[in-house]
Amino acid sequence: MTRIFNDPADFADEALAGFCDAHSDLVRQVEGGAVRRGRPSTPKVAVVTGGGSGHYPAFAGIIGPGFADGAVVGNIFTSPSTQQAYSVAKAANSGAGVVFTYGNYAGDVMNFGMASERLNAEGIATENVLVTDDIASASPAEIEKRRGIAGDFVVFKVMGAAAEAGLDLASVVRVGRKANDATRTIGTAFSGCTFPGAEQPLFRLPKGKMGLGLGIHGEPGLFDTELPTAVELGQELVRRVLAETPASGATRLAVILNGLGSTKHEELFVLWRTVAPLLREAGYTLVMPEVGELVTSLDMAGASLTLTWLDDELEQYWTAPALTPAYRRGAVGFEASSAVYTEADPDHVAEADYSSTAESRAYAAHCLQALDTTAALLRDSESMLGDMDAIAGDGDHGRGMVRGSAAALDAAREAFELGAGAGSLLAAAGDAWADKAGGTSGVLWGAGLRALGERLGDAETPTPAALAESVRAFAERLSSLGKAEIGDKTMMDALLPFAASLEDRVGSGTAVEEAWSAAAADATAAAGATAELRPLKGRARPLAEKSIGTPDPGATSLAMVFTAVGPHFTAVPVPAAANN
Ligand code: ADP
Ligand code: MG
């Protein structure tokens, strides 16, 4: 249970502000997250970690000399937006490039990836290192699909130390990838975690049971077993991780026995009494092991065991000193913050300057209504969509869609008042959606709306054919970003049938209102049919079996929204002459 909060929607923002105040000697808050208080006097590679909130001390708690230069802080369990990642990277950059490092989740990959494109285009060399340590989340054959959990800590630590030692960008990336390749984690959960303000935990385990293979976003374990004794649990964790020993032949191990949020340190030490001797008996030397809370999942009860097989280089960086709010090791000399503190370049946002035709302004009014309808519909559906996402995902889909659509509506209203045509209005709405929603669906909806707007433009009222093409542009943007195909159990399963059906019907001369509502009916049917599918993309993939029988939340919300907005997008009577 999370008991201390004001408005639950502000929880992550308030926690970040409090953290930055309490640790103002080491960190300072910037748009999108936090960076080190002191900037290096000579350029060094900036290691920027990130992800959702709810994992403290990951990720902001490990900012400081010897560790991270900045952390991008999303909403609870939700990927930060592209804009947030961009903004923190700009503030953390000291002239030697940026490396984003984070756990492998679709929303993070897309948002950090898009921020990297933007930074590289501006001449700030930016690379990405993904963490894929969770052995329960995919088989060794699909190792690159694994998600990142407590192994994040080792990979970030090693990269932070390498950057502090003055390695260049390519070398920090190389060391980071090597650390990831040498790291394996297995986790277990005893109880689910509860969002601030939520009545129920994201999942429950039957009394006396334990879930093996948990995620760190309240994803339940992959399967439930009887609650073992501490000795049996330790044996099970060690056996499973050692079964995946990499081929390097390394005999020295970094070890993390991690508590997930409400498992006591004393319990972890009891578990350590089994884990450590077993590892030593297997011939390993344990190098500066950590027993404690390093990557958590709100108030979840549970533990995970992470092993990193060290070579000399990894060991040097694993054992190097660090000084951060949540983690200290050895003695670090660091420059007093105020002496070297310089404000990062402020990121000026130019006031938008719109030019549009009267015709497009009239259509923009309809687009604004479509966004109004969308925001209201999603507000009403928040808990339904959240519950659907909690079955095999992380339960945030409802909240993300509400935040995104509300921000989109605000931005669209402002654009409308400033004279935007339909295209610019939708593009501005898309940018705001992506920035405020977070999560996989947020970045996709945001980018899709922008593509829709760019195709519609600010000049003409769209003909039915142009409207269908604009929807196609929305779909293509999502395909190219998310790379999901029909049958992967994502929102594409509703969107692609919608786009195809609208094109077909409009192409064969059906009136546009009728074509849209028939396409929406097809999308709704297709969304319902995803219940039978196994998810192949996104957070739900590792829990594929649990997802069967429940439709995909993203496909469900997409079909609902497209159904509701039809009357607005098709509201303008189109002269017959323009109808092809
Ligand atoms: P997150 O998965 O980051 O928690 P949400 O819960 O808001 O984000 O959205 C989940 C939805 O995102 C899924 O139900 C699915 O429809 C959609 N999704 C996930 N991955 C992809 C992808 N690669 N392409 C398209 N849609 C995706
Ligand atoms: Mg989700």
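Structure report, in brief.

Rules used in this analysis
Residues numbered from 1 in each chain as written. Chains lettered and ligands numbered in written order. Predicted model: local features only at pLDDT ≥ 70, side-chain atom pairs only at ≥ 80, totals over all residues. Heavy atoms only, no water. 1 Å grid on protein atoms, 1.4 Å probe; cavity = no way out; pocket = protein on both sides within 12 Å on 5 of 7 lines; lining within 4 Å. Points joined across faces, edges and corners; volume = space filled by probe spheres on them. Nonpolar A, V, L, I, M, F, W, Y, C, P; charged D, E, K, R; others polar. Donors = N, O, S within 2.8 Å, 3.2 Å for Na, K, Ca; no water. Buried < 20%, exposed > 50% of the residue type's maximum accessible area, 1.4 Å probe, protein only. Salt bridge = Lys/Arg side-chain N within 4 Å of Asp/Glu carboxyl O. Helix = DSSP H or I, 4+ residues; strand = E, 2+ residues; numbered from the N terminus. Pairing = 2+ DSSP bridges. Axes fitted to C-alpha atoms, helices over the stretch in contact; angles between N-to-C directions. Contact = heavy atoms within 4.5 Å. Left-handed = near helix turned anticlockwise from the far one by under 90°. Phe/Tyr/Trp six-rings, centres within 6.5 Å; stacked < 30°, edge-to-face > 60°. Polar contact = N/O pair within 3.5 Å; in protein donor to acceptor, adjacent residues only side chain to side chain. Expected span 1.5 Å × (residues − 1).

### Quick look at empty space enclosed by the protein
One way to see where empty space is left: roll a probe the size of a water molecule over the atoms.
Then, number 1: Counted by the stated rule, this structure contains five cavities of 30 Å³ or more.
Then, number 2: Its boundaries defined by the atoms lining it, the largest cavity holds a volume of some 180 Å³.
Then, number 3: Taken together, 17 residues form the lining of the largest cavity, with Trp 445, Leu 449, Leu 452, Val 565 and Phe 569 sitting closest to its centre.
Then, number 4: Within the lining of the largest cavity, the residues separate by chemical class into 16 nonpolar, one polar and no charged.

### Quick word on the coordination of the magnesium ion (ligand 2)
Then, number 1: In the first shell of the magnesium ion (ligand 2), the protein supplies Asp 389 (OD), Asp 394 (OD) and Asp 396 (OD), at 2.0 to 2.3 Å from the metal.
Then, number 2: Taken in chain order, the donor set of the magnesium ion (ligand 2) reads D-x4-D-x1-D. Like Asp 389, the residue Asp 396 is buried in the burial classification.

### Comments concerning the pattern of salt bridges
Then, number 1: What the rule picks out here adds up to 26 salt bridges.
Then, number 2: Residue Glu 236 is joined to Arg 240 by a salt bridge in which the shortest nitrogen-to-oxygen separation is 2.7 Å. Note that Glu 236 and Arg 240 are positioned in helix H6 (residues 230-242) at a spacing of four residues, about one turn of the helix.
Then, number 3: Residue Arg 240 is classed as partly exposed on the basis of its relative accessible area, which comes to 26%.
Then, number 4: One network of salt bridges, in which partners are shared, links Arg 36, Lys 44, Asp 69 and Glu 164.

### Topic: the sheet that holds strand S9 (residues 223-226)
Hydrogen bonds between backbone atoms are what pair the strands of a sheet, whose relative direction is either parallel or antiparallel.
Then, number 1: Strand order in the open sheet formed by six strands is S9-S8-S7-S12-S10-S11, and the pairing between neighbours is mixed. On the outer flanks of this sheet lie S9 and strand S11 (285-292), each paired with one strand and no other. Direction aside, the axes of adjacent strands within the sheet are offset by 20° on average.
Then, number 2: As paired elements, strand S10 (residues 252-259) and strand S12 (residues 301-310) share eight bridges and run antiparallel to each other. Its bridge partner lying in S12, Ile 256 is registered against Thr 306.
Then, number 3: Packed onto the sheet, helix H5 (residues 169-181) meets strand S7 (183-191) and S12 and runs at close to 55° relative to S7.
Then, number 4: Each of S10, S11 and S12 touches helix H7 (residues 265-281); the most contacted strand, S11, lies at about 165° to it.

### Description of the packing of helix H11 (residues 397-417) against helix H12 (residues 422-437)
Then, number 1: As a packed pair, H11 and H12 sit with axes 7 Å apart at the nearest point and diverge in direction by 145°. As H11 runs across H12, the sense of the crossing is right-handed. Here Gly 400, Met 401, Arg 403, Gly 404, Ser 405, Ala 407, Ala 408, Ala 411, Ala 412, Ala 415 and Phe 416 of H11 come into contact with H12, specifically with Leu 425, Ala 428, Ala 429, Ala 432, Trp 433, Lys 436 and Ala 437.
Then, number 2: Its residues placed into classes, the contact of H11 with H12 shows 13 nonpolar, three polar and two charged.

### Observations concerning the packing of aromatic side chains
Then, number 1: According to the stated counting rule, one finds 17 aromatic pairs in the structure shown.
Then, number 2: For the pair Phe 153 and Tyr 327, a centre-to-centre distance of 5.0 Å together with 80° between the ring planes defines the contact as edge-to-face. Here Phe 153, found in helix H4 (residues 151-164), pairs with Tyr 327, found in the loop between strand S13 (322-323) and strand S14 (328-329); they are 174 residues apart in sequence, far enough to count as distant. Neither Phe 153 nor Tyr 327 differs from the other in exposure class; each is buried.
Then, number 3: Ring centres of Trp 433 and Trp 445 lie 4.9 Å apart, and the angle between their planes is 5°; this geometry places the pair in the stacked category. Residue Trp 433 is found in helix H12, and its partner Trp 445 is found in helix H13 (residues 439-456); the two are separated by 12 residues along the sequence. There is no split in this pair, since Trp 433 and Trp 445 are both buried.

### Concerning the environment of Thr 101
Then, number 1: Its location among the elements puts Thr 101 in strand S5 (residues 98-103).
Then, number 2: Judged by its relative accessible area of 0%, Thr 101 is buried.
Then, number 3: As a C-alpha pair, Thr 101 and Val 173 span 72 residues in sequence and 9.2 Å in three-dimensional space.
Then, number 4: For Thr 101, the side chain forms a polar contact with the main-chain oxygen of Val 129, separated by 3.0 Å.

### Brief notes about unusual backbone geometry
Excluding glycine, residues mostly carry a negative phi; peptide bonds, for their part, are mostly trans.
Then, number 1: With an omega of 10°, the peptide bond running from Tyr 56 to Pro 57 counts as cis.
Then, number 2: By secondary structure assignment, the location of Pro 57 is in the loop between strand S3 (46-53) and strand S4 (70-76).
Then, number 3: In this structure, the amide linkage connecting Ala 58 to the following residue, Phe 59, adopts the cis form with an omega of 5°.
Then, number 4: Here Phe 59 shows up in the loop between S3 and S4.
Then, number 5: Notably, Met 288 is not glycine yet its phi reads approximately 40°, a positive angle.
Then, number 6: With respect to the element layout, Met 288 can be found in strand S11.
Then, number 7: One non-glycine residue, Leu 298, adopts positive backbone phi at about 50°.
Then, number 8: Inspection of the secondary structure assignment puts Leu 298 in the loop between S11 and S12.

### Here's the deal with H4
Then, number 1: Along its 14 residues, H4 runs 20 Å from first to last C-alpha, staying within 8% of the 20 Å computed at 1.5 Å per residue.
Then, number 2: Burial analysis of H4 places 13 of its 14 residues in the buried class, the great majority of the element.
Then, number 3: Phi turns positive one or two residues past the end of H4, at Gly 166, with a value near 95°.

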